[in-house]
There are 2 protein chains.
Amino acid sequence: MAHQALIAKGDIAKHVSGARLWNRLMELAQFGALPKGGVNRQALSGEEIAARACLVRWAKTIGLEPSTDAAANLFLSYRGKEPALPPVLIGSHIDSQPTGGKFDGALGVLAALESVEAIIANRVRPRRTVEIVAWMNEEGSRFAPGMMGSAVFSGARKLSDILTVRDAAGVSVESELHRLLTAEPQLRQRPFGMKPAAFLEIHIEQGPVLENKNKSVGIVTGIQGKRTFRVQVDGEEAHAGTSPRIARRDALVAAIDVVHALQNAMWDPEDVVRFTVGMFNVTPNAPSVVPARVVFSIDLRHPDVATLRKLGDAIPEVCQAARVRCDISVKELLHDPPLEFPKSIRHMIQSVAQALGVSWMNIASGAGHDARYLHYVCPTGMIFIPCRNGISHNEAESVQETHAADGTRVLAEATFTLANTI
Amino acid sequence: MAHQALIAKGDIAKHVSGARLWNRLMELAQFGALPKGGVNRQALSGEEIAARACLVRWAKTIGLEPSTDAAANLFLSYRGKEPALPPVLIGSHIDSQPTGGKFDGALGVLAALESVEAIIANRVRPRRTVEIVAWMNEEGSRFAPGMMGSAVFSGARKLSDILTVRDAAGVSVESELHRLLTAEPQLRQRPFGMKPAAFLEIHIEQGPVLENKNKSVGIVTGIQGKRTFRVQVDGEEAHAGTSPRIARRDALVAAIDVVHALQNAMWDPEDVVRFTVGMFNVTPNAPSVVPARVVFSIDLRHPDVATLRKLGDAIPEVCQAARVRCDISVKELLHDPPLEFPKSIRHMIQSVAQALGVSWMNIASGAGHDARYLHYVCPTGMIFIPCRNGISHNEAESVQETHAADGTRVLAEATFTLANTI
């Protein structure tokens, strides 16, 4: 790549309007708006359909061509000088958690729109087409698991696999995709199989690091690995009033000891290990009955592949050693290794931030993102901006307008660079 | 009381038929029979109505007079020589847990029937009327809380209070009482307010003590006291992948520390304290979300009033000290002090067991029973028999026929004694 000669002049960045971006963020947040300032705009809902229509209107105003695919990923294209070349993709998602915030996902799509608007204002058409993308169902709150659109786009999952997924009300992805695509008859539908030249995604950090370090952007080094387990502890139901402690096989007492032992085994003075027991179900869960069974989840994440392997591999043994008088079984559900974004992309983004005078630092992503799937098909990078108190998946999620603008200026310059040099 | 002169001759006991009792236990277990040998005969269900009809048929065969009251307590009366005197009541309940056993409750009612049959066979009519009773809804599994019939009978609760209680399907006690009483138009309905001369209840131990000590019967000294609490731990929801440990306010981590601290504070090397966390609910209970809230139950029991007070009073402080970075609130829901059955009744039963050569020991009741409410209105006593491995509230609940017969022989002699001497 020969980015260096082309970047850092700020020609694109100077056309980025923080106010216009902010207004669009607030306007998009009206679709599924909640009383406390958050949004409920779950995948393939009526709220998301309306928000997509709004996006398409904005895109058409500035001359972009909208299209979609059979997984309802939405693309808004700004044609390059050599439209036959694979495009540079930039974007994120606009679906939300049921009580989500205004910025998770939406920032990435609207910053991409703002970037393209700045590129257009610069009046130098890039070599490659630039496409804004809004991936379908990143959150996975309504239809599990998430990142469906990017998974199908990248070939990691088959379209037929996701069609049969149903929400809690029994509605299938297939029927909601049909409803959405029928609601947008004017959109050209394109086939799968296109391999982009590159993908960039800007996102809120969803953690407190950038805020604490007082940096405007984070250049994401990679996405940490994740292993998930389900642990089942089996004891024996007994009468809370009559059964002596010595005779009990109390599944809750054992499960608590097991979680304690796991906390010790996963203890990391550096606080890089992420160890969470988020789900914990007791049977029969009655106040006067000694619990017969506990099923709990383990979510373990780490950016280093060897550490993640070592810690995760230790879990069954730690559980067995701490099970007291109960039986225990440990099942691994998922093992996504850590991934590292290409240094070439990260260095290019760092150079852009440096040149624009935007304070930056390297940062690992704790959360998963659509960029995980794109990473396997094209050079991919991510930019984070701080969010207040690290809070996300919460109506209280908040960002500073200046951080959103700074991040977008970096994204816009980086996009233009990629579209001309990659 | 001048029991001593009248007891221990075995005139009544010799008419007790263990085989007849056992056959009736097996026959009654057909109402609500489950595949693994247990019963589902919850309060006021169709299965219980059918079982009551069976009881009434058996009672009429031996000349007893059935009646009921507005709380659907069922009485089967054997008229004494002085029928104007308050009767001696003996019995228990025939409702069960949803996956209950054949003996919990049913033994007490059928042993009472066998006792009356033995008294009749002795051909000496007692001075007082002897009434077999089956209390309505002892278990409380369908309509909470349990011991409804005995609570209303004894005046501890008002009938109007229980009528509005609904089961999980929304059906009220009132409508089910109406259905039951309509199904039994031949039964005389009697008013509340009668104060019995005494009450005796035989029941399975629901614990392992008698079996371990190889005794046929336990003379119940009293019912241990019970305090129940609800503890709520409030932390903050956070992303399992992005939130560092140091920034978390993990309600599950805190709750586990609190339960551990409580286990230590309630630790009793004598194993007399009964401390149980049976219910434990996590919010939002999602594998990749740091828990924001845990609500758990505490069930604390002890036979000594001072110890129960001291341990229970310490709970809020122990919780506060162990709450880590979360908020905690502790609410006491119930404080039933321990009760001691009158020594006169216990000594009389001991003398009977001694005279009959039935091995016995004193034992405290860990579980609550209808006898708790009767204790407050008349001299009350209880007899336990061993159950296999201490298991109850379980289809696997099991007793030995010889123990059931031995306990019934003691009950029959004791009942006859009371009906003549109290």
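Asks: When you look at the relation of the copies chain B and chain A in this model, what are you seeing that I'm missing?
Replies: The two chain copies are related to each other by a rotation about an axis together with a translation along it. You can overlay chain B on chain A at an RMSD of 0.2 Å; the transform is a turn of 180 degrees with a shift of 0.1 Å along its axis. This pairing of chains is accounted for by a two-fold axis. Identified as the residue of chain B closest to the rotation axis by C-alpha distance is Ile256 of chain B, at 3.1 Å. Looking at the interface residues of chain B, 100% of them are also at the interface in chain A, so both copies use one shared face.

Asks: Help me out: how do you make sense of the packing of aromatic side chains in this one?
Replies: Where two aromatic rings form a pair, the distance of their centres and the angle of their planes describe that pair. Under the defined criterion, the tally for this structure stands at 13 aromatic pairs over all chains. Centroid distance Trp135 of chain B to Phe199 of chain B: 5.9 Å. Interplanar angle 70 degrees. Geometry classified as edge-to-face. Residue Trp135 of chain B is found in strand E4 (residues 130-135), and its partner Phe199 of chain B is found in strand E6 (residues 198-204); the two are separated by 64 residues along the sequence. Through a chain of ring-to-ring contacts, three or more aromatic side chains come together here, namely Phe75, Trp135, Phe153 and Phe199 of chain A. Directly above the aromatic system of Phe75 of chain A lies the positively charged group of Arg190 of chain A, at a separation of 3.7 Å from the ring centroid.

Asks: Looking at this structure, how should I read the confidence of the model for chain A?
Replies: Low-confidence regions, as indicated by low pLDDT, have predicted coordinates that should not be scrutinised in detail. Residue and element names in this part refer to chain A. Summarising the model, chain A shows a mean pLDDT of 94, and 98% of its residues fall at 70 or more. Note that residues 1-5 has pLDDT below 50 and, in this model, nine contacts with residues that lie over four places away or in other chains. At the level of chain-chain contacts, confidence expressed as ipTM amounts to 0.78, with global pTM at 0.77.

Asks: Can you help me understand the side chain of Arg128 of chain B in this one?
Replies: Residues and elements named next belong to chain B. Mapped onto the fold, Arg128 is located in the loop between helix H3 (106-122) and E4. Buried and unpaired, Arg128 has Glu82 as its nearest opposite-charge partner, separated by 7.7 Å. Of note is the side chain of Arg128, whose polar atom sits 2.8 Å from the backbone oxygen of Pro86. A polar side-chain atom of Arg128 sits 2.9 Å from the main-chain carbonyl oxygen of Ile422. With residues near it in sequence (within four places) discarded, Arg128 still touches Gly80, Leu85, Pro86, Val88, Ala197, Ala419 and Ile422.

Asks: Would you mind showing me how to read unusual backbone geometry here?
Replies: Excluding glycine, residues mostly have negative phi values, and the peptide bonds linking residues are mostly trans. Look at the link from Ala144 of chain A to Pro145 of chain A: it is a cis peptide, with omega at -5 degrees. As for its placement among the helices and strands, Pro145 of chain A is situated in the loop between strand E4 (130-135) and helix H4 (148-154). In this chain, Thr283 of chain B is followed by Pro284 of chain B through a cis amide linkage whose omega measures -5 degrees. Here Pro284 of chain B lies in the loop between strand E11 (280-283) and strand E12 (289-290). The phi dihedral of Ala72 of chain A is positive, around 65 degrees, even though this residue is not glycine. Mapped onto the secondary structure, Ala72 of chain A falls in the loop between strand E1 (65-68) and strand E2 (74-78). Judged by relative accessible area, which is 1%, Ala72 of chain A ranks as buried.

Analysis parameters
Residues numbered from 1 in each chain as written. Chains lettered and ligands numbered in written order. Predicted model: local features only at pLDDT ≥ 70, side-chain atom pairs only at ≥ 80, totals over all residues. Heavy atoms only, no water. Least-squares fit on C-alpha atoms with pLDDT ≥ 70 in both. Contact = heavy atoms within 4.5 Å. Phe/Tyr/Trp six-rings, centres within 6.5 Å; stacked < 30°, edge-to-face > 60°. Helix = DSSP H or I, 4+ residues; strand = E, 2+ residues; numbered from the N terminus. Lys NZ or Arg CZ within 6 Å of the ring centre and 35° of its normal. pLDDT = per-residue confidence, 0-100. Buried < 20%, exposed > 50% of the residue type's maximum accessible area, 1.4 Å probe, protein only. Lys, Arg positive; Asp, Glu negative; His and termini not counted. Salt bridge = Lys/Arg side-chain N within 4 Å of Asp/Glu carboxyl O. Polar contact = N/O pair within 3.5 Å; in protein donor to acceptor, adjacent residues only side chain to side chain.

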